[in-house]
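Structural characterization, general
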Amino acid sequence: MAYGSENHAGKIWKALLILTILLAAVMTNATSSQAATCEYSSGSWANIALAQGQASTFRITYDATASASPVNAIGGLSSGSASQYSDLATGVRFNPSGLLDVRNGSVFTAATSVPYQAGVTYHFILDVNVSNHTYSAYVVILSRQITLGSNVAFRTEQASVSVLGTVGEMSSSGALGICNITLSSSPTTVAASPSPLIASVSSLNFGNLGLASSAQRTVTLTNTGSSSVTISGVSVSGAGFTASGSASGLTVSPNQSATVNTTFTPFTIGSYTGSLTILSNAQNSPATVALSGAGVASSAHSVALSWIPSSSSVAGYNVYVSSSSAGPYSLLNSSPVPTTSYVDTNVQAGDTYYFRITSVSTSYQESVPTASVQATVP
């Protein structure tokens, strides 16, 4: 997705604010092993030359802090000192919408929607291939490496650049500080073989749950090798089980972890089995966790509904209830139900209820309702 165009208008900041941010940058730098690697921009270009120009594959990491949210600021690599946006071959931007994105050819894109906050320091990783004129960009948040762009193209104006030797930055609104710039060899050169991705458990048993209940368990996936692992997909099989979280698409660095949440919601009485599958480029992919549980009669009164899925692509389903087959019907769910089952716990013993289901398309158009189904609560 593309965002707004670059804003070249500068902005004057109060001296006190600038002094505060500069002091913060100096304090951060004092604890770093990379001496004199901070630069600061507020309305003008700032540049730091690398120890040597890079002409093949390499990794560069740095920390960046925005003074406000939103700002309009970018940091990237250029062949020499950058004095205009087109000088940057790569670019990681704190964009005016309050999100992080990267330059890909002639546009800005983002593989993952990542918001940023004022005064928070973010650790960025760039894996650069100068020969191919591509790079991958990641941000590390709470020890989780999130992909911003994978094998995206150098900026169009720099499609034939042969050497990158400078880190340049510009903050046309707000202020940006970059510190702790570190160069290393390309990860593909350091670790040619994929690492294993180890799940914290091989099976999850949710035990006995009432029809109106849900239980959630967390599976931790740890990279125990020396090379990064990218999770390409998370899926669940078996009725009653679902998975949530944003592990799919994450790149897990060595000795780092990602988590997947699995939820069990039984809608009929009986035993349930399923599995959680994690696909990645790890040497032991796919990682599989067995799932089990049982639905039992709930102490509370409830009505469990299930239906045949729509043959068309849908965003989910709406469930309606009435005390009369003729209506009026009231919507039970606050958002489309993603599965083909639903448990209504707001029922009373001895009463009769009528239910109807509609499907909701991906453009949020609702279908004609099904015929009503009667349920009498004993």
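So, here is what we can say about the structure in this document. (Residues numbered from 1 in each chain as written. Predicted model: local features only at pLDDT ≥ 70, side-chain atom pairs only at ≥ 80, totals over all residues. Heavy atoms only, no water.)

A word on the overall build of the protein
Scanning the protein from terminus to terminus reveals 2 helices and 27 strands. Taking all contacts inside the protein whose residues are at least 6 apart in sequence as the whole, residues at least 24 apart take part in 69%. Total accessible area on the protein is roughly 17,600 Å²; 53% of this is exposed by carbon and sulfur atoms. (Helix = DSSP H or I, 4+ residues; strand = E, 2+ residues; numbered from the N terminus. Contact = heavy atoms within 4.5 Å. Areas by Shrake-Rupley, 256 points an atom, 1.4 Å probe, with all protein chains shown as cover.)

So, the state of the cysteines
Tallied over the entire structure, the rule returns 1 disulfide. Here Cys-38 is linked by a disulfide to Cys-179, with a sulfur-sulfur distance of 2.0 Å. The disulfide joining Cys-38 to Cys-179 has a torsion of about 115° about its S-S bond and is therefore right-handed. Of the two residues, Cys-38 sits in the loop between helix H1 (15–30) and strand E1 (39–41) while Cys-179 sits in strand E12 (residues 176–185), which places them 141 residues apart along the sequence. (Disulfide = S-S within 2.5 Å.)

Quick word on the sheet that holds strand E15 (residues 215–223)
The sheet built from 4 strands is open, its strands ordered E13-E15-E19-E17 with antiparallel pairing. Edge positions in the open sheet fall to strand E13 (197–199) and strand E17 (241–244), since each of these has one partner strand only. Across the sheet, the mean angle separating the axes of adjacent strands is 30° when strand polarity is ignored. Here E13 runs beside E15; their pairing, made up of 3 bridges, is antiparallel. By the bridge assignment, Leu-197 is partnered in E15 with Asn-223. (Pairing = 2+ DSSP bridges. Axes fitted to C-alpha atoms, helices over the stretch in contact; angles between N-to-C directions.)

Some details on the sheet that holds strand E24 (residues 330–331)
Reading across from one edge, E24-E23-E26-E27 is the order of the 4 strands in this open sheet, with antiparallel pairing throughout. Both edges of this open sheet fall to E24 and strand E27 (373–376), since each of them pairs with a single strand only. Of the strand pairs in this sheet, strand E26 (residues 352–361) and E27 are connected by 4 bridges, and their pairing is antiparallel. Across the sheet, residue Tyr-353 finds its bridge partner in E27, namely Ala-375.

Quick look at the pairing of strand E7 (residues 107–115)
Across 5 bridges, strand E6 (residues 99–104) lies against E7 in antiparallel orientation. By the bridge assignment for E7, Asn-104 is matched with Val-107. The turn linking E6 back onto E7 is made up of 2 residues, and Gly-105 within it adopts a positive phi angle of 65°.

Section: the nonpolar core
Core analysis: the biggest nonpolar cluster contains 60 residues, and Leu-77, Phe-94, Phe-124, Leu-126, Val-128, Leu-148 and Leu-164 have the highest contact counts within it. Among the elements that make up this core, the one with the highest residue count is strand E3 (residues 57–66) (5 residues). Not counting the four nearest positions on each side in its chain, Phe-94 is found in contact with Ala-64, Ala-66, Val-71, Asn-72, Ala-73, Leu-99, Leu-100, Tyr-116, Tyr-122, Phe-124 and Leu-176. Counting 14 residues, the second-largest nonpolar core is a separate cluster that includes Leu-305, Tyr-317, Val-337 and Tyr-342. (Core = buried A, V, L, I, M, F, W, Y, C linked by side-chain atoms within 4.5 Å. Buried < 20%, exposed > 50% of the residue type's maximum accessible area, 1.4 Å probe, protein only.)

Focus: the side chain of Asp-344
Checked against the element boundaries, Asp-344 lands in strand E25 (residues 341–344). It turns out Asp-344 is buried and unbridged, and the closest side chain with the opposite charge, Arg-356, is 13 Å from it. (Lys, Arg positive; Asp, Glu negative; His and termini not counted. Salt bridge = Lys/Arg side-chain N within 4 Å of Asp/Glu carboxyl O.)

Overview of the environment of Ser-172
Positionally, Ser-172 belongs in strand E11 (residues 164–173). The spatial distance from the C-alpha of Ser-172 to the C-alpha of Val-71 is 7.9 Å, given a sequence separation of 101 residues.

So, the packing of aromatic side chains
Within this structure, the stated rule accounts for 12 aromatic pairs. Note on Phe-206 and Phe-264: the rings are 5.6 Å apart at their centroids and 50° apart in plane angle, and the pair reads as tilted. Separated by 58 residues along the polypeptide, Phe-206 in strand E14 (residues 203–210) and Phe-264 in strand E19 (residues 257–264) bring together distant segments of the chain. The residues Phe-206 and Phe-264 share a single accessibility class, namely buried. Taken together, the ring pairs connect Tyr-62, Phe-94, Tyr-116, Tyr-122 and Phe-124 into an aromatic cluster. Directly above the aromatic system of Phe-108 lies the positively charged group of Arg-93, at a separation of 3.8 Å from the ring centroid. The residue whose ring lies beneath Arg-356 is Tyr-329, and the NZ or CZ to ring-centre distance is 4.1 Å. (Phe/Tyr/Trp six-rings, centres within 6.5 Å; stacked < 30°, edge-to-face > 60°. Lys NZ or Arg CZ within 6 Å of the ring centre and 35° of its normal.)

Regarding the side chain of Arg-155
You can see Arg-155 is positioned in the loop between strand E10 (144–153) and E11. With relative accessibility at 7%, the residue Arg-155 sits in the buried group. Of note is the side chain of Arg-155, whose polar atom sits 3.0 Å from the side chain of Glu-157. (Polar contact = N/O pair within 3.5 Å; in protein donor to acceptor, adjacent residues only side chain to side chain.)

Some points on unusual backbone geometry
Going from Ser-69 to Pro-70, the amide bond is cis rather than trans, its omega being 5°. Locating Pro-70 in the fold gives a position in the loop between E3 and strand E4 (72–78). Non-glycine residue Asn-151 carries a positive phi angle of around 50°. By the secondary structure assignment, Asn-151 is in strand E10. At Tyr-364, a residue that is not glycine, the phi angle is positive and equals roughly 60°. Among the secondary structure elements, Tyr-364 is positioned in the loop between E26 and E27. For Tyr-364, a relative accessible area of 59% corresponds to the exposed category.

All quantities given are derived from atomic positions and should not be read as evidence of function.
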